[in-house]
Structures are given as C-alpha cells and as structure tokens.
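# Structural characterization, general
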Amino acid sequence: MELGENESTKVYVCHQWIIPRLLDLQVNKSHHTSVQVIEEEVWRRPLIEYIEHGKLPEDPRQRTDIKRRAPRFIFYKGTLFRRSFEGLFLRCLDKEEARQMMEEAHSSSCGSHQSGPNLYFHIKGMGYYWATMVKDCMDHAKRCQAC
C-alpha cells in the first residue's frame, strides 16, 4: 500500500513482552503433586519472602539490598520474574536451571559456541535471568573445550 503526499496512517508497534502465555495454563490440582527441592536459594528466596509476605532478613545490609532490588521483581503464580531495563519480564532461574540453560544456549543445536558476553545477551534475549548471570556465562564459555 502506498500513501500519497497528504495521506497518513497509524502504525502500531508492539515491542514489549508481558508475562509469557504459558503462565495462563490452568493446572488440575487434584491430580498434581509438586515437589520442590530446598537448596541454596540464596538470591531468590529472600526476594520472594519479601514480595509475598513482607518478611525481611535479620541482617541490616541484606534488608537494605532486598528493599532496593525488590521493585524490579514480581512473583506471579509461583514464579519469580525480573523486569529488565527494556521493560521485559525475565524468568528467574535457580542454579541448576541456569546451568542447563547455559549448556543449551552455548553448545546445543541452537547454540553457536558464543563468547561469554554474547552468551549472556543470548540467554537474556530468550527471557531468562539469574543473579550471577554475567560471571557464570563468562566462566562457562572459558571452560568449553570445543571453543
């Protein structure tokens, strides 16, 4: 479609993600058992406790840190998300999920043995986050023997 000199049109641009659609799935709880391994939830647990229940750690330094970081996070249907600077919601991963994500993004069929910074941006672009993401991506790329 071409526009003449004095014609105009509105173009709607949608460039922000909202919480992924998969969270809207309903689970039949009568046939669902959930088992969660309690591990070193060092960085997620205090945020969830503060967002859900208003509980803060005893340590004053940690209290300040949690209060400062909490506005960037939301806890929705049992999953913690972090709002990126672009306005996207990134799903927060635990240590094991982060390890699997780095492995898949770096050396699986969809990976291309990227450097640490590129791996970080690739995973972030896929919609994931964890507290030590940059350092872990750098270390993972350095340990790759194929690279």
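Scroll up to find the structure.
Conventions used here
- Residues numbered from 1 in each chain as written.
- Predicted model: local features only at pLDDT ≥ 70, side-chain atom pairs only at ≥ 80, totals over all residues.
- Heavy atoms only, no water.
- Helix = DSSP H or I, 4+ residues; strand = E, 2+ residues; numbered from the N terminus.
- Contact = heavy atoms within 4.5 Å.
- Pairing = 2+ DSSP bridges.
- Axes fitted to C-alpha atoms, helices over the stretch in contact; angles between N-to-C directions.
- Parallel < 35°, antiparallel > 145°, perpendicular 65-115°, else oblique.
- Left-handed = near helix turned anticlockwise from the far one by under 90°.
- Nonpolar A, V, L, I, M, F, W, Y, C, P; charged D, E, K, R; others polar.

## Some words on the side chain of serine 84
- With respect to the secondary-structure elements, serine 84 resides in the loop between strand E2 (79-83) and strand E3 (89-92).
- Every residue in contact with serine 84, bar those within four places of it in the chain, is listed here: Leu90 and Lys124.

## Details of the sheet that holds E3
- Spatially, four strands are ordered E1-E2-E3-E4 in an open sheet, and the strand pairing comes out mixed. What marks the edges here is a single partner per strand, and that holds for strand E1 (73-76) and strand E4 (128-129).
- Of the strand pairs in this sheet, E3 and E4 are connected by two bridges, and their pairing is parallel. Residue pairing for E4: cysteine 92 is matched across the bridge by tyrosine 129.

## A look at the packing of helix H1 (residues 44-53) against helix H2 (residues 60-69)
- Where H1 meets H2, the closest approach of the two axes is 10 Å, and the angle between their N-to-C directions is 70 degrees. Classified by the interaxial angle, the pair formed by H1 and H2 is roughly perpendicular. Classified by chirality, the crossing of H2 by H1 is right-handed. Residues Pro46, Leu47 and Tyr50 of H1 pack against Ile66, Lys67 and Arg69 of H2.
- The residue inventory of the contact of H1 with H2, partitioned by class, reads four nonpolar, no polar and two charged.

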